[in-house]
Amino acid sequence: MSLHDDAALVLKEYEGQEELRQAYLSHLEAHPDGMWKACADGHVTASALVIDPARGRVLLTLHRKLRMWLQMGGHCEPADATLAAAALREATEESGVVGLTLLPGGPVRLDRHRTPCAWHLDVQYAALAPAGAVEAISDESLDLRWFAYDEVADVADESVVRLLEATRARL
């Protein structure tokens, strides 16, 4: 199964955000290259909110280009077998945390947003940090920091706040 096919299947099974879900599916139907950065009309991306429920905190990255506190994530790569694998790869690469696992149940939310280059049709997961997780800043980050749940709204935009709320509801 191709990554494109996996994404379509994941989106067909996703419950909630019906209008946005349909927009993602329509995009994939119209764009065989809709998983890749090269698709000028926008592309599917994968992200994951790294969460430590035992300590009531999330790990956010200060994105180098956007200069915003965000969850880990980004573009899919040809080696990604599934959308979930892409999200986990991005979360691991950008956080430096070894041993992340995705929260069961598939994506937590969808978020479509404009970047300086194109529309991102982000499929958002949550990744559970193991006990004693140690983070390491990647080249894509200016900073990496743990925030208590109640601090997130003070540093991040509404999309991250909604992702945290949806993740906590799933927990």
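Details of the structure are given in the entry above.
So, how was this worked out
Residues numbered from 1 in each chain as written. Predicted model: local features only at pLDDT ≥ 70, side-chain atom pairs only at ≥ 80, totals over all residues. Heavy atoms only, no water. Helix = DSSP H or I, 4+ residues; strand = E, 2+ residues; numbered from the N terminus. Rg over C-alpha atoms; globule rule 2.2 N^0.38 Å. Buried < 20%, exposed > 50% of the residue type's maximum accessible area, 1.4 Å probe, protein only. Contact = heavy atoms within 4.5 Å. Areas by Shrake-Rupley, 256 points an atom, 1.4 Å probe, with all protein chains shown as cover. Lys, Arg positive; Asp, Glu negative; His and termini not counted. Charge placed at Lys NZ, Arg CZ, Asp CG, Glu CD. Core = buried A, V, L, I, M, F, W, Y, C linked by side-chain atoms within 4.5 Å. Phe/Tyr/Trp six-rings, centres within 6.5 Å; stacked < 30°, edge-to-face > 60°. Salt bridge = Lys/Arg side-chain N within 4 Å of Asp/Glu carboxyl O.

A. The arrangement of the overall build of the protein in detail. Secondary structure assignment for the protein yields 5 helices and 8 strands. The N-to-C order of helical and strand elements in the protein reads α-α-β-β-β-β-α-β-β-β-β-α-α. Compactness check: the protein gives a C-alpha radius of gyration of 15 Å against a globular reference of 16 Å for 171 residues, within 12% of the reference. Per-residue burial over the protein gives 51% buried out of 171 residues. Of the contacts formed within the protein by residues at least 6 apart in sequence, a portion of 66% connects residues at least 24 apart. On the protein, roughly 8,400 Å² of surface is accessible, and the fraction owed to carbon and sulfur atoms is 53%. Placing the 16 positive and 27 negative side-chain charges of the protein at their respective mean positions leaves the two points 3 Å apart.

B. Structural detail: the nonpolar core. Core analysis: the biggest nonpolar cluster contains 33 residues, and Met35, Val50, Leu83 and Val123 have the highest contact counts within it. Every element with two or more residues in this core is listed here: helix H1 (3–13), helix H2 (18–30), strand S1 (43–52), helix H3 (83–95), strand S7 (119–128) and strand S8 (141–148). The leading source of residues in this core is H1, at 5 residues. Setting aside its immediate chain neighbours within four residues, leucine 83 contacts Leu3, Asp6, Ala7, Val10, Met35, Val44, Ala46, Cys76, Val123 and Tyr125. Core analysis: the next-biggest nonpolar cluster, separate from the first, contains 18 residues, Ile51, Leu103, Val152 and Leu163 among them.

C. The arrangement of the packing of aromatic side chains in detail. With the rule as written, the count across this model stands at 1 aromatic pair. Ring geometry for tryptophan 69 and phenylalanine 147: centres 5.0 Å apart, planes at 80°, overall edge-to-face. Note that tryptophan 69 is positioned in strand S3 (residues 69–70) and phenylalanine 147 in strand S8, a separation of 78 residues in sequence.

D. Structural detail: the pattern of salt bridges. Evaluated as defined, the whole model comprises 9 salt bridges. Here arginine 89 and glutamate 90 are joined by a salt bridge, their closest N and O atoms 3.1 Å apart. Each member of the pair, arginine 89 as well as glutamate 90, is classed as buried. For arginine 162, the salt bridge identified is with glutamate 158, shortest N-O distance 3.9 Å. Of this pair, arginine 162 and glutamate 158 both sit in helix H5 (residues 158–170), separated by 4 residues, roughly a single helical turn. Judged by relative accessible area, arginine 162 falls into the partly exposed class, the value being 31%. Salt bridges linked by common partners bring Glu77, Asp80, Arg89, Glu90 and Glu93 together as one network.

E. Structural context of H1. Considered for burial, the residues of H1 that qualify are Leu3, His4, Asp6, Ala7, Ala8, Val10 and Leu11. Looking at the buried side of H1, the elements it contacts are H2, H3, strand S6 (109–114) and S7.

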